[in-house]
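Examination of the molecular architecture
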Amino acid sequence: MSVYDFDVKDTSGNMVSLKEYEGKVLLIVNSATKCGFTPQYNELNEIFNDFKDEGFVILDFPCNQFGNQAPGTGEEIAATCRADFLVPYPIFEKIDVNGENADPLFEYLKEEQPFKDITGDGARKLKMVLKVMDRHYKDNNDIKWNFTKFLIDREGNPVQRFEPTESLDDVRARIKELL
């Protein structure tokens, strides 16, 4: 099994096979337009633009499960991302990443790349928030917050999970290795 075995919906509700991205290095992100991590769009755009000609793509999946920070429809979110953050890469339909309605792609990603720890700038603050929400957050593989990222190799295998507080310089370096 690989990410190429999954179909997802675009913001218009059309099914898209991830097989369309076969042979590319992917970074799959659950995002939100009203989150403290939303400024990451700027650096993600830079990373995408730096590597897109080498076979790299970011796939953005808005999610409203964390503090209701992705309000609106998928189309509205995509319009905001394009207008306010100049996002150049594919944005898909808003999804759930945890719980009974979790998108199957994210269930697969969480199984393949389990949660380890929250590190990097802002880790302490995020851990405090998570402890209030779920004091057992360390004991499951759920997505902890917006802007969790999964790096996928050219064969469609999830090779690394990055929590939202991890340095995008580390993400960039790992992408470069896979390219």
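Scroll up for the structure.
Residues numbered from 1 in each chain as written. Predicted model: local features only at pLDDT ≥ 70, side-chain atom pairs only at ≥ 80, totals over all residues. Heavy atoms only, no water.

Observations concerning the sheet that holds strand β4 (residues 56-62)
Quick reminder of the rule: Strand pairing is assigned whenever DSSP detects at least two bridges linking the two strands. Helix numbering and strand numbering both begin at the N terminus, where a helix is a DSSP run of H or I of at least 4 residues and a strand a DSSP run of E of at least 2. Here the axes come from fitting lines to C-alpha atoms, over the contacting stretch only for helices, and the angles between their N-to-C directions go from 0 to 180 degrees. Note on definitions: a residue-residue contact is assigned when non-hydrogen atoms from the two residues lie within 4.5 Å.
The strand order across the open sheet formed by four strands is β4-β3-β5-β6, and the pairing between neighbours is mixed. Each end of this open sheet is capped by a strand with a single partner; those strands are β4 and β6 (158-162). Strand after strand, the sheet turns through a mean of 20° between neighbouring axes, direction not considered. Where strand β3 (residues 25-31) and strand β5 (residues 149-152) come together, four bridges link them in antiparallel fashion. Across the sheet, residue Ile 28 finds its bridge partner in β5, namely Phe 150. Along the sheet, helix α1 (residues 40-51) contacts β3, β4 and β5; its crossing angle with β4, the most-contacted strand, is approximately 150°. In the packing of helix α3 (residues 104-112) onto the sheet, contacts are made with β3, β4, β5 and β6, and the angle to β3 comes to roughly 110°.

Quick look at the environment of Ala 32
To be explicit about the condition: To sort residues, take the accessible area from a 1.4 Å probe on protein chains only and compare it with the maximum for the residue type: under 20% means buried, over 50% means exposed, and anything in between is partly exposed.
With respect to the helices, strands and loops of the structure, Ala 32 is situated in the loop between β3 and α1. Taking the relative accessible area as the measure of exposure, Ala 32 reaches 1% and is therefore buried. Residues Ala 32 and Leu 179 lie 147 residues apart in sequence; the distance between their C-alpha atoms is 27 Å. For Ala 32, the residues in contact, after removing those within four places along its chain, are Thr 38, Tyr 41, Cys 63, Gln 69, Ala 70, Asn 146 and Phe 147.

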